[in-house]
Every structure is written in C-alpha cells, then in structure tokens.
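Single-letter residue listing:
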Amino acid sequence: VQLQASGGGLVPAGGSLRLSCTASGRTFSIYGMGWFRQAPGKGREFVAAITRTGINTYYRDSVKGRFTISRDNAKNTVYLQMNSLKPEDTAVYYCAFAEGTWYPQMSKEYDYWGQGTLVTVSS
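*Asks:* Describe the pairing of strand S9 (residues 91-99), listing the residues and the values that go with them.
*Replies:* For S9, the tally of buried residues reaches 7 of 9 residues, placing the bulk of the element in the interior. Bridge count between strand S4 (residues 30-38) and S9: 8 bridges; the pairing is antiparallel. Note on S9: the bridge partner recorded for Trp35 is Cys95. Two strands pair when backbone bridges link them, and S9 and strand S11 (residues 117-122) are joined in this way by 3 bridges, in the antiparallel orientation.

Given below as structure tokens:
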C-alpha cells in the first residue's frame, strides 16, 4: 500500500485547510485511517482517526470541534478538514493506514505512512 498526502500550505490564523491522503495498492486490507503531526523539535502526535466504516472517529482534545476526519472508500482517500487553525497547529501532517483492528492513538499500530505535508499557520 502506498499513501500520497496533499493539501498542506500556509494559512493565517483562523483559516482552513483540507488535507487528503489517497492509498493505492492492496487497499482492501485497510481497517483504520489516521492523521498524525510533528511540529519542529517535537515528537509525532496523534491528531485524528477513523474506521473504514466511518462509524467511529477519534480526535486529540486540542482539535475537537475544529478538525473533522472523513473518508471516501470508493476513492481510497481519507480527509482532514481543519478549521479555525491556530499557530500551534503548525506541523508536518502525516496520514497513516492500519490493517486489522488497532489502537488509533498509537503510531506503532499503523502499517503504512504517507510522506507528510507541511501546514504552516501564521499569527
């Protein structure tokens, strides 16, 4: 499975961006999809995740109410709509897919990773 992330960019505080991540290859094995981010000088942290069915979604507390994760299985794509962006959201955002059941907030639970897309929020 190969993942291609896109949609990052430079936005002012309060702005919005939508990240996309499209998978190719053996996508029938995918169970969970997630987004992580890594700010300069910091470790990678969980942002949001969704099951393939879309029934369950998960968010870190600091993005609840501002970010929305969704997926389009027909397109093998997961999205992250980010609204009301803050300077502290600045990071490289990575998408990741997991095979089988998984613990969404843990990066080691994911089997495939995208290359990352940079989001910069100016104050």
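*Asks:* Summarise the environment of Leu85; cite the residues concerned and give the values.
*Replies:* In this fold, Leu85 is placed in the loop between strand S8 (77-82) and S9. For Leu85, a relative accessible area of 1% translates into the label buried. With 80 residues separating them in the primary sequence, Leu85 and Ala5 have C-alpha atoms 19 Å apart.

*Asks:* Help me get a handle on the pattern of salt bridges, residues and values and all.
*Replies:* Within this structure, the stated rule accounts for 5 salt bridges. Between Arg37 and Asp89 there is a salt bridge; the shortest N-O distance is 3.0 Å. Of this pair, Arg37 sits in strand S4 while Asp89 sits in the loop between S8 and S9, and the two are 52 residues apart along the sequence. By the burial criterion, Arg37 is buried, and Asp89 matches it.

Analysis parameters
- Residues numbered from 1 in each chain as written.
- Predicted model: local features only at pLDDT ≥ 70, side-chain atom pairs only at ≥ 80, totals over all residues.
- Heavy atoms only, no water.
- Buried < 20%, exposed > 50% of the residue type's maximum accessible area, 1.4 Å probe, protein only.
- Helix = DSSP H or I, 4+ residues; strand = E, 2+ residues; numbered from the N terminus.
- Pairing = 2+ DSSP bridges.
- Salt bridge = Lys/Arg side-chain N within 4 Å of Asp/Glu carboxyl O.

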